[in-house]
Amino acid sequence: MLSSLDVLEEILYHCIVGSCIAYLCINKNISSRKDSILFLLIGGFAGISPDITKELLNDNFCHSIWVAPIIGLIIALITRIFKSEIKLYRLWFSMTGAVIVGHLFMDYLDNGLPIFYPIIKNDYALDLVQKGDFFIGGILLIAVFISLALYRKMNVIILIGIIIVISYLGLRTFSKFEVHQELVKTYKGPNLKISIIPQDMFSEYQWFYLVSTDNTSITGTASFFKGLHEVTVNSK
Ligand SMILES: [Zn+2]
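Residues numbered from 1 in each chain as written. Predicted model: local features only at pLDDT ≥ 70, side-chain atom pairs only at ≥ 80, totals over all residues. Heavy atoms only, no water.

J.: When you look at the coordination of the zinc ion in this model, what are you seeing that I'm missing?
T.: By definition of the ideal shapes, four donors in a tetrahedron about a metal sit 109.5 degrees apart, and six donors in an octahedron sit 90 or 180 degrees apart. Within the protein, the atoms that donate to the zinc ion are Asp51 (OD), His63 (NE2), His103 (NE2) and Asp107 (OD), at distances of 2.1 to 2.3 Å. Seen from the zinc ion, its four donor atoms lie at angles of 86 to 177 degrees, and the figure they make is irregular. In the primary sequence, the donor residues of the zinc ion line up as D-x11-H-x39-H-x3-D. One end of the pair is His103 and the other is Asp107, both in helix H4 (residues 88-109) and four residues apart, which spans about a single turn. Judged by relative accessible area, which is 0%, His103 ranks as buried. (Donors = N, O, S within 2.8 Å, 3.2 Å for Na, K, Ca; no water. Tetrahedral: all angles 85-135°; square planar, octahedral: opposite > 155°, others 65-115°. Helix = DSSP H or I, 4+ residues; strand = E, 2+ residues; numbered from the N terminus. Buried < 20%, exposed > 50% of the residue type's maximum accessible area, 1.4 Å probe, protein only.)

What follows is the structure, given as C-alpha cells:
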C-alpha cells in the first residue's frame, strides 16, 4: 500500500524528468523565463500523463510505447493553441520525449510496465531504483530551481542534473551486478534463482535479495559498501 508521501514522490519523479526532457528538446524556441516555466509545467504533465489515464480508465494502453507518440501529439496540439509560433513537429518531439523518458523509461527502471502492450502483455522491469526514487526527483528538482533562479545557461544546469542522475544509475547498475556476482559465488547450485529488489538510496542497505536453491531459500540485504547481510535461511 502506497502512502501519500510515496504517491507524491512518484508524481515528482515522473513530472520532473518529463519537465527536464521537454525543456531540453524545446529550449532553443523559448526566449523568456515565463515560457521556460510554462514548458517545464507542460513537460511535467506529459511525464505523469500515462498514470493519470491509468487511474481514470484502469488500463495499460497509455503505458505502451506504441501509444506514446499519440499522447505526445495530443499534448503538442493543445500547446500549439497558445504557442502557435513553435512548429508542431518540435512540440510533438518534445512532448513524446517527455512521455517516453519521463514516464515509460522511468517505470522500466523501477518495478516495470507492459511497454509493448497489447502485443505483449508482460511487464518489463530493470528493478534498478525504487518507485519514485527520491534521489532522482530531488537532484533534478534542485537543478530546475537553480536554473530558473539564475535564468542563465538553464539547459547546461539541467543537463548537469541529468548527468548526475545517469552517474547514480550507473553506480546502482554496478552495485546490483556486484551483489548478483556475490550471491552466485556464495550460494552455488544448479537451480539457483536470484531476485534483487532495490531499496531506498539513503537506507543502510540499498538492496533486498531473495535466493532460492533446491533445498533452501535465503533472504537478505546488501549495501553498496558493506556487501551481503543474510537475514533468514529456510529449509524447503
Ligand atoms: Zn506508470
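J.: Would you take a moment to explain the pattern of salt bridges for this structure?
T.: Pairing of side chains with opposite charge becomes possible as their charged atoms draw close. Summed over all chains, the structure comprises five salt bridges. Close ionic contact of Lys83 with Asp35 constitutes a salt bridge, the shortest N to O distance being 3.1 Å. You can see Lys83 sitting in the loop between helix H3 (68-82) and H4 and its partner Asp35 sitting in helix H2 (residues 33-57), a full 48 residues away along the chain. Comparing Lys83 with Asp35, the two get one shared label, buried. Residue Glu85 is joined to Lys83 by a salt bridge in which the shortest nitrogen-to-oxygen separation is 3.4 Å. Taking relative accessible area as the criterion, Glu85 reaches 56% and is therefore assigned exposed. Accessibility expressed as a relative area gives 11% for Lys83, which makes it buried. Put simply, Glu10, Asp107, Asp110 and Lys131 are held in one network by salt bridges that share partners. (Salt bridge = Lys/Arg side-chain N within 4 Å of Asp/Glu carboxyl O.)

J.: I tried to follow the packing of H2 against H4 on my own but got confused; where do I start?
T.: Each pair of packed helices gets described by two things: the angle between the helix axes and the distance between those axes. The N-to-C vectors of H2 and H4 enclose an angle of 50 degrees; their axes lie 8 Å apart at closest approach. On the basis of their axis angle, the class for H2 and H4 is oblique. The crossing of H2 and H4 is right-handed. Residues Phe39, Ile42, Gly43, Ala46, Gly47, Ile48, Ser49, Pro50 and Asp51 of H2 form the contact with H4, whose own contacting residues are Leu91, Met95, Ala98, Val99, Gly102, His103 and Asp107. For the contact of H2 with H4, the residue count by class is nine nonpolar, five polar and two charged. (Axes fitted to C-alpha atoms, helices over the stretch in contact; angles between N-to-C directions. Parallel < 35°, antiparallel > 145°, perpendicular 65-115°, else oblique. Left-handed = near helix turned anticlockwise from the far one by under 90°. Contact = heavy atoms within 4.5 Å. Nonpolar A, V, L, I, M, F, W, Y, C, P; charged D, E, K, R; others polar.)

J.: Even after reading the chapter, I still don't get the nonpolar core, so can you show me in this structure?
T.: The tendency in soluble globular proteins is for nonpolar side chains to be buried side by side. Within the largest apolar cluster, 53 residues are counted, with the highest numbers of intra-cluster contacts made by Ile136, Leu140, Leu169 and Tyr209. In contact with Ile136, other than residues within four places in its own chain, are Tyr13, Val17, Met106, Val129, Val165, Tyr168 and Leu169. (Core = buried A, V, L, I, M, F, W, Y, C linked by side-chain atoms within 4.5 Å.)

J.: Hey, could you run me through the layout of surface pockets in this one?
T.: Here the idea is plain: a probe the size of a water molecule rolls over the atoms and shows the empty space left. Looking at the largest pocket, its volume works out to about 390 Å³. Taken together, 18 residues form the lining of the largest pocket, with Glu10, Asp51, Lys54, Glu55 and Lys131 sitting closest to its centre. Elements with a contribution of two residues or more to the lining of the largest pocket: helix H1 (4-26) and H2. The element that contributes the greatest number of residues to the lining of the largest pocket is H2, accounting for five residues. Classifying every residue of the lining of the largest pocket gives seven nonpolar, four polar and seven charged. (1 Å grid on protein atoms, 1.4 Å probe; cavity = no way out; pocket = protein on both sides within 12 Å on 5 of 7 lines; lining within 4 Å. Points joined across faces, edges and corners; volume = space filled by probe spheres on them.)

J.: What's the story with a positive patch on the surface in this structure? I'm lost.
T.: On the surface, Lys28, Arg80, Lys87 and Arg90 cluster together into a patch of positive charge. Among the secondary structure elements, Arg80 is positioned in helix H3. We classify Arg80 as partly exposed; its relative accessible area is 32%. (Patch = residues over 30% accessible without salt bridge, like charges linked within 9 Å, V, L, I, M, F, W, Y side chains within 5 Å. Areas by Shrake-Rupley, 256 points an atom, 1.4 Å probe, with all protein chains shown as cover. Lys, Arg positive; Asp, Glu negative; His and termini not counted. Charge placed at Lys NZ, Arg CZ, Asp CG, Glu CD.)

J.: Got a minute to help me understand unusual backbone geometry in this structure?
T.: Across residues other than glycine, the phi torsion is negative in most instances, and most of the peptide bonds are trans. A cis amide bond links Tyr117 with the next residue in sequence, Pro118, at an omega value of 0 degrees. Looking at the secondary structure, you find Pro118 in the loop between H4 and helix H5 (134-150). Residue Asp127 is not a glycine yet carries a positive backbone phi of 50 degrees. The backbone of Tyr151 sits at a positive phi, close to 45 degrees, despite the residue not being glycine. Note that Tyr151 resides in the loop between H5 and helix H6 (154-186). Residue class for Tyr151 comes out partly exposed when judged on its relative accessible area of 29%.

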